[in-house]
Amino acid sequence: MIDTRDKIIHKFNTELGTDLTGLNKIYEFHQYLNTQKNEIEKSLSMASTEAPSKVKAVIENVERISIEFQQLKEASTEFKDDIQQMMHENDKSLEMQKIIDVISYLDKSLSYLNFIKYVENISDEIQMALANGDDESTISLYTNLTDISCQLQSSTCHYLQSYVKETLHFWHNLIKDKLSKEYNDILKTLKWPFCGTNASSLHTPMPEALTKFQILTAYLLDLQLPYPYNYFKESAKSVVTSTLLTDFTPVNLPISLLVRPLRQRFIYHFTGSKLTNRQDKPEWFFTQILTWIKDHVQWVQKNVQPAVNSIGFNQVDMKVEFMRALVQLAVEKLHSELSIVQYDDALFAHLVDEALGFERELRETLFYPPTRPATVYVLTQAHIFVKWINMEKEYATEKMDAILSSNTAWEKLSNSDTDDMKVTECADAFLTLLITISDRYKHLPQPGHRLQFLELQLELIDDWRVRLLQLLHENYEDPLTSLMPCILNTLHYVGTVLEEWGVTVHFLQLCFFKKQFEAVETATLEGNDITKNVGEVEGSVFDEAVALLRRLEKELINEISDSVALDVKAKSRSYRTDKWFAMQSTKEVVSLSVTPSGYSMFQELATQLNLLHNTLALPLFHQAWKNLASQLDQFLLEEVVLVNHFNTGGAEQLQYDIFRNLFPLFGLYISKPESYFPL
């Protein structure tokens, strides 16, 4: 009550203030209070009429919520009961799963034991088949065991894998020993190998022995261990241990047994202190390998390949495998010899020559596949290759010196096919040198090695061009009587041949590889993408060399043409100063003839043209007389026509000299010579 009184007093003080003159505001305050009173009464009156409906709505909402709450409570109780029931059932499932796991483990264990038992049964059957001499059953059972081993490759049962693998190896070795003995016995019956006293038995028909031989061959091919532990990888035994032999995957068992007696002969004759084992005669062991291949490959193709095809091994070429096994002998021997003779240049060079000859014979005559390794794989070892290419350069330089210093170097070859080219012995010998180098390196497997030899050839061509220039300077005199025409012919012929070589497959491949190597180097230096630097391959590897030869050729042609023109001009003084203004016309003489003052000039021209024709190659001669015609055309216009006065007789005489003397001289070598004298 006190608080209410204080609030009223505070309200009056706020409205009326402390000024006594403002008490007239009390009427306004009173009116304000009455208004507020009326509004409150009115509000209470409205509330008294609306209250029942609002209260009813609230009560209904509360009841609805209460019902939903009760439903949720019941659902929660049911859900709780379900969860408890599921947990109870899950506990039973876990117990059941444990029982199932135990059963599964026992089942797997039983299967494991049954698998072992199955392998043991196969082993027992193999043992019985071996004891009974039943090779067919033995191989069939062994194949089954191989299939089992292959199926286990992805298994996590490592002990089982190891057990089957060891079992397989055990039977493989036993069966191999047995069949190998039978195979060797049948080979003796067939008098294999066909060399020495057995050479005559090559054509002796022995059908029963051949049939048994083919059957055993098929058995031996089936007798192989599955990858990754097959016998091709495990049975490699070589005389020489070298990383080179990783390129020679061991041959299959039948070929290994076929080659064994030949290998024994090879080791006997070409190792140790035998007289046939000579470092200065490597051709002996290379020839022996080639002879064995030639004597036996047809028989292998005819009698071994059908056995291979009969068991579905058509992809195996037994002839190639037989050759590869013998080539490996040559590679092993070459490798061991190179380590000894690499310090003796003469022996080293001879051994390389024979190795390359052996490779060439293999590839080109015996059609040994280019994908199979041979002797060049030994020669391309880094230290051997460096010595080889250096010796090639040294030999080629000495050979080039001998070619250029030969007494007959500049004589023309007596070959009717190249008479127009005036080919010299020097040009032919130099090109032969380049061909020999190409033949020696074209079988190299790596493009990088071949490109190094190509660079050697390009270097030799440039060196040869420089030497010809030196010879020109040493023999500088009258161009037509010096070595210049011979050198010109040589330059032209070599340039022409190099252009033809440039479009052959061998040099086009080298051009492609060279562009690729250059693109890689450029991209590496600039940090760009390699593909941006590799464009279309245009031109040839000899373009730069040929351009230099052609430039020198053009300079020499111009020099010869200038020399001839000077000689002709030197004989023309009286002709140029003749009295062209006082000559008789055709009406005053019986017939025109050559102007007397021009005899020596035209005679000189005829002599020089004939000399050019006889000494220069036909394409060079055409260039020379065209240059000469151009110079004479300019000379006659400027030195005769423009500086003299002509009467009718003089003009007719000049026309006669040109059309009846000058043009016919050139007409001996070209039709319509007048077209080359436009001025």
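A few points on the structure. Keep in mind the model is a prediction, meaning the values are calculated, not measured.

### Details of a negative patch on the surface
Reasoning step 1: Together, Glu74, Glu78, Asp81 and Asp82 make up a negatively charged patch on the protein surface.
Reasoning step 2: Inspection of the secondary structure puts Glu78 in helix α2 (residues 25-132).

### Some points on unusual backbone geometry
Reasoning step 1: For the peptide bond that leads from Trp192 to Pro193, omega is 0 degrees, which places it in the cis range.
Reasoning step 2: Of note, Pro193 is situated in the loop between α4 (158-189) and α5 (207-222).
Reasoning step 3: Notably, Lys672 is not glycine yet its phi reads approximately 55 degrees, a positive angle.
Reasoning step 4: On the secondary structure map, Lys672 appears in the segment after α23 (648-667).

### Considering the packing of helix α21 (residues 599-615) against α23
Two packed helices can be described by the angle between their axes and the distance between those axes.
Reasoning step 1: As a packed pair, α21 and α23 sit with axes 9 Å apart at the nearest point and diverge in direction by 15 degrees. Here α23 runs roughly parallel to α21, going by the angle between their axes. The handedness of the crossing between α21 and α23 is right-handed. Side by side, α21 and α23 meet where Phe602, Leu605, Ala606 and Leu609 of the first sit next to Asp657, Asn661, Leu662, Leu665 and Phe666 of the second.
Reasoning step 2: Among the residues forming the contact of α21 with α23, the class breakdown is 7 nonpolar, 1 polar and 1 charged.

### Overview of α5
Reasoning step 1: With 16 residues, α5 extends 23 Å from end C-alpha to end C-alpha; this agrees with the ideal 22 Å at 1.5 Å per step.
Reasoning step 2: Where α5 is concerned, the buried positions are Ala209, Leu210, Phe213, Leu216, Thr217, Ala218, Tyr219, Leu220 and Leu221.
Reasoning step 3: As for α5, its buried residues are in contact with α3 (135-151), α4, α7 (253-270), α8 (282-303) and α9 (305-310).

### Concerning the environment of Leu632
Reasoning step 1: One can find Leu632 in helix α22 (residues 618-641).
Reasoning step 2: Excluding residues that lie within four positions of it along the chain, Leu632 makes contacts with Val568, Leu605, Leu662, Phe666 and Phe677.

### Considering the side chain of Thr490
Reasoning step 1: With respect to the element layout, Thr490 can be found in helix α16 (residues 484-502).
Reasoning step 2: Setting aside residues up to four positions removed in sequence, Thr490 forms contacts with Trp410, Thr424, Cys426, Ala427 and Trp464.

### Focus: the pattern of salt bridges
Reasoning step 1: Per the stated rule, a full pass over the model turns up 24 salt bridges.
Reasoning step 2: Where Arg278 meets Asp280, a salt bridge forms, and the shortest distance between an N and an O atom there is 2.8 Å.
Reasoning step 3: Between Glu321 and Arg372 there is a salt bridge whose closest N-O contact spans 3.6 Å. Note that Glu321 is positioned in helix α10 (residues 318-341) and Arg372 in the loop between α11 (345-365) and α12 (376-379), a separation of 51 residues in sequence.
Reasoning step 4: Judged by its relative accessible area of 8%, Glu321 is buried.
Reasoning step 5: Where salt bridges share partners, they join Asp135, Lys178 and Glu182 into one cluster.

### Focus: α4
Reasoning step 1: Along its 32 residues, α4 runs 46 Å from first to last C-alpha, staying within 8% of the 46 Å computed at 1.5 Å per residue.
Reasoning step 2: Once α4 ends, the next one or two residues include Lys191, with phi positive near 60 degrees.

### Some words on a nonpolar patch on the surface
Reasoning step 1: Among the surface-exposed residues, Ile8, Phe12, Ile26, Tyr27, Tyr32 and Leu33 lie close enough to one another that they form a single nonpolar patch of about 580 Å² accessible area.
Reasoning step 2: At the level of secondary structure, the elements contributing two or more residues to the nonpolar patch comprise α1 (2-16) and α2.
Reasoning step 3: Ranked by the residues each element gives to the nonpolar patch, the list is headed by α2, at 4 residues.
Reasoning step 4: If you trace the backbone, Tyr32 turns up in helix α2.

### Considering the packing of aromatic side chains
Reasoning step 1: Under the counting rule described, the total for this entry stands at 31 aromatic pairs.
Reasoning step 2: Here the aromatic rings of Phe213 and Trp299 are separated by 5.2 Å at their centres, their planes lie at 55 degrees, and the arrangement is tilted. Of the two residues, Phe213 sits in helix α5 while Trp299 sits in helix α8, which places them 86 residues apart along the sequence.
Reasoning step 3: Each residue in the set Tyr183, Trp192, Phe194, Phe213, Trp299 and Phe322 is aromatic and connected to the rest through ring pairs, giving one cluster.
Reasoning step 4: The ring of Tyr268 is capped by Lys274, whose NZ or CZ atom sits 4.6 Å from the centre of that ring.

Rules used throughout
- Residues numbered from 1 in each chain as written.
- Predicted model: local features only at pLDDT ≥ 70, side-chain atom pairs only at ≥ 80, totals over all residues.
- Heavy atoms only, no water.
- Patch = residues over 30% accessible without salt bridge, like charges linked within 9 Å, V, L, I, M, F, W, Y side chains within 5 Å.
- Areas by Shrake-Rupley, 256 points an atom, 1.4 Å probe, with all protein chains shown as cover.
- Salt bridge = Lys/Arg side-chain N within 4 Å of Asp/Glu carboxyl O.
- Lys, Arg positive; Asp, Glu negative; His and termini not counted.
- Charge placed at Lys NZ, Arg CZ, Asp CG, Glu CD.
- Helix = DSSP H or I, 4+ residues; strand = E, 2+ residues; numbered from the N terminus.
- Axes fitted to C-alpha atoms, helices over the stretch in contact; angles between N-to-C directions.
- Parallel < 35°, antiparallel > 145°, perpendicular 65-115°, else oblique.
- Left-handed = near helix turned anticlockwise from the far one by under 90°.
- Contact = heavy atoms within 4.5 Å.
- Nonpolar A, V, L, I, M, F, W, Y, C, P; charged D, E, K, R; others polar.
- Expected span 1.5 Å × (residues − 1).
- Buried < 20%, exposed > 50% of the residue type's maximum accessible area, 1.4 Å probe, protein only.
- Phe/Tyr/Trp six-rings, centres within 6.5 Å; stacked < 30°, edge-to-face > 60°.
- Lys NZ or Arg CZ within 6 Å of the ring centre and 35° of its normal.

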